[in-house]
Structures are given as C-alpha cells and as structure tokens.
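Next come the chains, spelled out residue by residue.
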Amino acid sequence: MCRGLAALPFACFERAKEFKTRLRLLLHKTELGHELSSSKPLWGTKMRYSSEEVLGWKQSFDQLLKSKNGLSAFHTFLKTEFSEENLEFWLACEDYKKTRSKSKLASKANRIFEKFIQNEAPREVNIDHETRELTRKNLTSATSACFDEAQAKTRTLMEKDSYPRFLKSTSYWKMTEQASSHGTSKQSHT
Ligand SMILES: *[C@@H]1O[C@H](CO)[C@@H](O)[C@H](O)[C@H]1NC(C)=O
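Residues numbered from 1 in each chain as written. Predicted model: local features only at pLDDT ≥ 70, side-chain atom pairs only at ≥ 80, totals over all residues. Heavy atoms only, no water.

Novice: What am I meant to see in the nonpolar core here?
Specialist: The nonpolar side chains of a soluble globular protein tend to be buried with one another. Counting 19 residues, the largest nonpolar core has Trp-57, Phe-74, Leu-87 and Phe-166 as its most contacted members. Of all elements in the fold, only α3 (61-66), α4 (68-80), α5 (84-97), α8 (148-168) and α9 (170-182) reach the threshold of two or more residues within this core. With five residues, α4 is the single largest residue contributor to this core. Grouped together as the second largest cluster of nonpolar side chains are 17 residues, Phe-89, Cys-93, Ile-112 and Phe-147 included. (Core = buried A, V, L, I, M, F, W, Y, C linked by side-chain atoms within 4.5 Å. Buried < 20%, exposed > 50% of the residue type's maximum accessible area, 1.4 Å probe, protein only. Helix = DSSP H or I, 4+ residues; strand = E, 2+ residues; numbered from the N terminus.)

This is the structure:
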C-alpha cells in the first residue's frame, strides 16, 4: 500500500494514519451492528444514575465532561470506537494544568508527549503535524499552557465526532430509559 518508505516517510505516515482511521470506521460499523442486534447492554445494568444527570450529558459536551459518571460512560463508548486515547489525553491535560511544581511540570509534560503525541506514541492522539511540532517546541519551557492547543483540538474532535455518536448509541439510550424509570425526575425526554 505504501512504497518508498525510506524516501517518503511523512507521506507514508499520513497514509498509515488514514488507514487506521478507515479501519476504525469499519470496526465501528461492525460494532454498531453488533450492538443493535445484541440484547446485552455495553455496561452493567446495575449502574443507575439520576435522570437529571444522564439527560444533562446531552445538554452540552461540557456537562458530560464535568460529570464523573458521564466521563466513565463516554470512555466506555470510546473504547468501542477505538478512540479512547483522545479522552485520556484530554484528562491528562486537565491534571497537568493543576500541577504547581515547576520540576513536576517538566517531567509530566515529557511523559504526556511521549505517551500521546509523538509519532508512534503508544496512545497516539489524532492531531495534525503542525500542532504536534509546536507542542514539541513548547516542551523546552514547559508551562501549564503548553498543551493548550493540542488539548483544545482533541476536545473539538471528540465533540464533533464521537460525542454525537455517543448520544445516539443504544447504550446511552438505555441509560436514559433506566434513569427515567428509576430516577426522581418526572421530566420527559426532550
Ligand atoms: C504553546 O504554549 C503556549 C503558552 O506558552 C500556548 O499558548 C500555545 O497554545 C501552546 N501551543 C500549542 C500547540 O499547544
């Protein structure tokens, strides 16, 4: 599929990435088909949340990210799409920004970069080449803002891409059903 690897490393890398994305989409479709035909929910039936909470998750992506249970449900969903590293990176950045010690900032920044950003990173997130290089430059003087752009781009990607699919998923729908039949709120599904 990709020849001249030595001559065109960047083009090849982009190719490989495109392939990975396609593979994900394909797997996603299979997963969705499976999910629809299966009577088993993606997560345990014991988890019941209040309907205020579950319905809040579709009010805005921000509300979902602010809810501990919402994050957990969204993370489980992302695993089915093989894109949970985006959320893990976003969470790592949230933690990073709270770091006060200068020396800790530098070591944490390097760890985050190696785990999520650099080429072939074990949990590589889907960000463009330019942002990756700018982030790499930022590491030389790690401030609490050094992942700002990469984090914002990853957030936008999740909000536009995975979040709408999460809201349409059978699993989320089942959670709203369970919540409304067991919760305290009499609010209808709007
Ligand atoms: C690099 O760091 C600055 C702050 O020092 C920040 O404003 C900028 O967004 C960062 N760049 C990226 C690509 O995150």
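Novice: Before we go on, may I ask you to explain the side chain of Thr-135 in this structure?
Specialist: In this structure, Thr-135 sits in helix α7 (residues 129-138). Given the relative accessible area of 3%, Thr-135 is considered buried. Contact partners of Thr-135, with chain neighbours within four places excluded, come to Phe-113, Ile-117, Cys-146, Phe-147 and Ala-150. (Contact = heavy atoms within 4.5 Å.)

Novice: What am I meant to see in the site of the ligand here?
Specialist: By nearness alone, every residue bordering the ligand is listed as Leu-134, Thr-135, Asn-138, Thr-143, Ala-145, Cys-146, Phe-147, Asp-148, Glu-149 and Ala-150. Within the side chain of Asn-138, one N or O atom sits 2.5 Å away from an oxygen atom of the ligand. A distance of 3.0 Å separates an oxygen atom of the ligand from a polar atom in the backbone of Glu-149. In the complex, the protein chains occlude 67% of the 360 Å² of accessible area that the ligand would expose alone. At the level of elements, α7 and α8 are the ones that each hand at least two residues to the shell around the ligand. Considered class by class, the residues forming the shell around the ligand number five nonpolar, three polar and two charged. (Near = heavy atom within 4 Å. Polar contact = N/O pair within 3.5 Å; in protein donor to acceptor, adjacent residues only side chain to side chain. Areas by Shrake-Rupley, 256 points an atom, 1.4 Å probe, with all protein chains shown as cover. Nonpolar A, V, L, I, M, F, W, Y, C, P; charged D, E, K, R; others polar.)

Novice: Would you take a moment to explain the packing of aromatic side chains for this structure?
Specialist: Per the stated rule, a full pass over the model turns up 10 aromatic pairs. Pairing Tyr-96 with Phe-147 gives two aromatic rings, centres 5.2 Å apart and planes at 75°, and the pair type is edge-to-face. Separated by 51 residues along the polypeptide, Tyr-96 in helix α5 and Phe-147 in the loop between α7 and α8 bring together distant segments of the chain. For the pair shown, Tyr-96 and Phe-147 are each scored as buried. One aromatic cluster in this structure is built from Tyr-49, Trp-57, Phe-61, Phe-74, Phe-77, Tyr-163, Phe-166 and Tyr-172. (Phe/Tyr/Trp six-rings, centres within 6.5 Å; stacked < 30°, edge-to-face > 60°.)

Novice: When you look at the packing of α5 against α8 in this model, what are you seeing that I'm missing?
Specialist: Between two packed helices, both the angle of their axes relative to each other and the distance between the axes serve to describe the pair. Viewed as axis vectors pointing N to C, α5 and α8 meet at an angle of 140°, and their least axial separation amounts to 9 Å. Classified by the interaxial angle, the pair formed by α5 and α8 is oblique. Pair α5 / α8 crosses with left-handed handedness. Within the contact between the two elements, α5 uses Asn-86, Leu-87, Phe-89, Trp-90, Cys-93, Glu-94 and Lys-97 and α8 uses Asp-148, Ala-150, Gln-151, Thr-154, Arg-155, Leu-157 and Met-158. (Axes fitted to C-alpha atoms, helices over the stretch in contact; angles between N-to-C directions. Parallel < 35°, antiparallel > 145°, perpendicular 65-115°, else oblique. Left-handed = near helix turned anticlockwise from the far one by under 90°.)

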